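Listed below, chain by chain, are the residues.
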Amino acid sequence: MGCATLDLVGAASLKLNTNTHFLRSPKPFLSFVGPIRSRNLNGPSLTFLTCHAHKSRPSVSLRAQSTSAAPAPEEERVVVLVIGGGGREHALCYALKRSPSCDAIFCAPGNPGISNSGDATCISDLDISDSSAVISFCRKWDVGLVVVGPEAPLVAGLVNDLLKAGIHAFGPSSEAAALEGSKNFMKSLCDKYGIPTAEYQTFTDPSAAKQYIQKQGVPIVVKADGLAAGKGVIVAMTLDEAFEAVDSMLVKGSFGSAGCRVIVEEYLEGEEASFFALVDGENAIPLESAQDHKRVGDGDTGPNTGGMGAYSPAPILTKELQDLVMKSIIYPTVKGMSAEGCKFVGVLYAGLMIEKKSGLPKLIEYNVRFGDPECQVLMVRLESDLAQVLLAACRGQLSEVSLNWSAGSAMVVVMASKGYPGPYEKGSVIRNLDEAENVAPSVKVFHAGTALDPDGNFIAAGGRVLGVTAKGRDLKEACDRAYQGVEEINWPGGFYRRDIGWRALPLPLKQFVTRLN
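Residues numbered from 1 in each chain as written. Predicted model: local features only at pLDDT ≥ 70, side-chain atom pairs only at ≥ 80, totals over all residues. Heavy atoms only, no water.

Chemist: Looking at this model, I keep getting lost on the overall build of the chain. Mind explaining?
Modeler: Scanning the chain for helices and strands turns up 15 helices and 24 strands. Per-residue burial over the chain gives 58% buried out of 517 residues. Long-range contacts, defined as pairs at least 24 residues apart, comprise 73% of the intrachain contacts of the chain with a sequence gap of at least 6. Summed over all atoms, the accessible surface of the chain reaches about 20,200 Å², with 51% contributed by carbon and sulfur. (Helix = DSSP H or I, 4+ residues; strand = E, 2+ residues; numbered from the N terminus. Buried < 20%, exposed > 50% of the residue type's maximum accessible area, 1.4 Å probe, protein only. Contact = heavy atoms within 4.5 Å. Areas by Shrake-Rupley, 256 points an atom, 1.4 Å probe, with all protein chains shown as cover.)

Pasting the structure below:
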């Protein structure tokens, strides 16, 4: 595996237009299936995995290839391209803008909130599913680092192509991205390398899956094997719910190719937490802890979503637990992927369950990019130069990196379109966003699913639309400030949870009544 450095020519003299109009959407990404390995339903775990990362992620004979290479000079400047257009990418652009070594930040396709805030120059007409187009853009504008936000371009192989072209790219190869692209692949890796996770079986036959569910009993978890936009996980509390989930995926094809194989998994009782680590192929360093809220309704009720809010740090992840997660989950994964020929470079986002009965962490799933909305609270707390940290990961130099974080806490409250995570309407007008950012210190509104109407108004264009984020001396102050920002926003077409942070706050949260109702 290799990352290359391009000399920057005239990057400091770029004249950038931060008011880019949004005229075109990128083409859809290629679908991804595999690599998938079936588990022996009646026998022990897999004895081998197969990856071919070295074929598509070759070494590049340019400088800064290995951990023995000299560190990048402090005066190095870099132009960065962020791939994606959601709340996670807005937060990354926000952090990169504060990086002293960044000369310019582009975001493709970006969104109107990123452009309007001046956090990056949005390139709405760059087809990010076309690697050659991305490479041409990087060469034209002397881009020295590409940060790939969403999972789809990672799984489709954008990083592979960028590295072949000699361009630093932060994110895993398509082969290594199978940790997220196939839950069966991730489970098989856990089997082989002794990584603690829930008991499971993999099925393509609905009758066999139902027989297994009947034998195991409920509650039980049914997961689509592939990428399903955060919606392919059903926690079934009854047999009927479990059978319906199996039929939905394997018979009705509700998730397309992502659901052509299902994982039926042991239900783990406890508290969920999000753990992030930066990985350079051989080394890993933890980020600050965070915890999100997956259920759509207050009190963790209703269906799972992509995330309705988050906070950092998460008290549940004590220093002792973080050390244990690194030792029992993250390091074995990094070493296992390397041993399988799939060296992982990027962010490992481990969704954990801290089991109630044992107090020990088990791996629920991996994402291979910054989480959303956890990225928002992490990026507002990060004080290190993000561009240089990510370049160090590309160069295999994370062993030389230490991260600095602001004291106190951060919280993000997600505002979503009414109806989400089911069908929702688009086009409702959102007002008072500037007022929300001015209502209290350190409030930042990250855009996840917005567009502009012909009159220049922000309108809802997605399910999760805004992430109102704030810092505070402690979690209560961060919570108060975030909800003050939420209260200021006038959006009748939206809703939000009123209890973000309830697990970590000592007192019941104020029940906010706002113009959203």
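Next comes the rest of the description.
Chemist: What is the right way to read the confidence of the model for the chain from this model?
Modeler: Averaged over every residue, the pLDDT of the chain is 85; the share at 70 or more is 83%. Below a pLDDT of 50 lies the segment residues 1-72, which in the model reaches 172 contacts outside its immediate sequence neighbourhood of four places, other chains included. Note that pLDDT drops below 50 for residues 510-517; the model gives that stretch 24 contacts with residues more than four away or on any other chain. (pLDDT = per-residue confidence, 0-100.)

Chemist: Help me understand the state of the cysteines, please; the structure alone is not making it clear to me.
Modeler: Should the sulfur atoms of two cysteines be covalently bonded, the bond is a disulfide. Evaluation of the coordinates by the stated rule reveals 0 disulfides. Cysteine Cys93 remains unbridged, with the sulfur of Cys107 as its closest cysteine sulfur at 3.9 Å. Residue classification places Cys93 among the buried positions, given a relative accessible area of 0%. By relative accessible area, which is 0% here, Cys107 ends up buried. (Disulfide = S-S within 2.5 Å.)

Chemist: Before we go on, may I ask you to explain the sheet that holds strand β7 (residues 220-224) in this structure?
Modeler: Strand pairing in a sheet relies on backbone hydrogen bonds, with the paired strands running either antiparallel or parallel. Strand order in this open sheet of 4 strands is β6-β9-β7-β8, and the pairing throughout is antiparallel. For this open sheet the edge positions go to β6 (200-203) and β8 (233-236), each flanked by a neighbour on one side alone. In this sheet, adjacent strand axes meet at a mean angle of 20° when their direction is disregarded. With 5 bridges connecting them, β7 and strand β9 (residues 262-266) associate as antiparallel partners. Counted as the bridge partner of Ala224 is Val262 from β9. Here helix α8 (residues 183-193) sits on the sheet in contact with β6, β7, β8 and β9, set at roughly 140° to β6. Sheet strands in contact with helix α9 (residues 206-216) are β6, β7 and β9, and its direction is about 160° off that of β6. (Pairing = 2+ DSSP bridges. Axes fitted to C-alpha atoms, helices over the stretch in contact; angles between N-to-C directions.)

Chemist: Could you clarify how one ought to interpret the nonpolar core in this entry?
Modeler: Burial of nonpolar side chains together is a common tendency in soluble globular proteins. Residues Leu81, Leu179 and Ile330 are the most contacted members of the largest nonpolar core, which totals 55 residues. In terms of residues, this core owes the most to one element, helix α11 (residues 319-339), which gives 7 residues. Beyond its immediate chain neighbours, meaning those up to four positions away, Ile330 contacts Phe275, Ala277, Ala284, Val325, Leu348, Ala350 and Tyr366. In terms of nonpolar packing, the next biggest core, distinct from the first, is built from 46 residues, Cys102, Phe370, Leu378 and Ala410 among them. (Core = buried A, V, L, I, M, F, W, Y, C linked by side-chain atoms within 4.5 Å.)

Chemist: So what exactly am I meant to see when it comes to α11 here?
Modeler: Three or four residues apart is the spacing at which side chains of an α-helix point the same way, because the helix has 3.6 residues per turn. End to end, α11 covers 28 Å across 21 residues, agreeing with the expected 30 Å (1.5 Å per residue, within 8%). Downstream of α11 by a residue or two, Gly341 has a phi angle that is positive, lying close to 80°. (Expected span 1.5 Å × (residues − 1).)

Chemist: Help me understand helix α2 (residues 87-97), please; the structure alone is not making it clear to me.
Modeler: α2 sits mainly inside the fold: 9 of its 11 residues count as buried. Three or more residues of α2 are buried, namely Gly87, Arg88, Glu89, His90, Ala91, Leu92, Cys93, Ala95 and Leu96.

Chemist: Help me out: how do you make sense of the environment of Val401 in this one?
Modeler: Relative to the assigned elements, Val401 resides in the loop between α13 (386-394) and β18 (409-417). Taking the C-alpha atoms as reference, Val401 lies 9.8 Å from Ser384; in sequence the two are 17 residues apart. Look past the residues within four positions of Val401 in its chain and what remains in contact with it is Ile285, Val389 and Ala392.

Chemist: Explain the pattern of salt bridges to me, please; I cannot follow it from the model alone.
Modeler: Charged atoms that come close allow side chains of opposite charge to pair. Taken as a whole and judged by the stated rule, the model has 24 salt bridges. Of the charged contacts in the structure, one is a salt bridge between Glu180 and Arg369, with a shortest N-O distance of 2.5 Å. Highlighted residues: Glu180 in helix α7 (residues 178-181) and Arg369 in the loop between β17 (361-367) and α12 (374-381), separated in sequence by 189 residues. The class of Arg369 is buried, set by a relative accessible area of 11%. Taking the shortest distance from any N to any O, the salt bridge between Arg481 and Glu477 comes out at 3.7 Å. A residue pair is termed a helical-turn pair when its members lie 3 or 4 positions apart in one helix, as Arg481 and Glu477 do in helix α15 (residues 475-488) at 4 residues. (Salt bridge = Lys/Arg side-chain N within 4 Å of Asp/Glu carboxyl O.)

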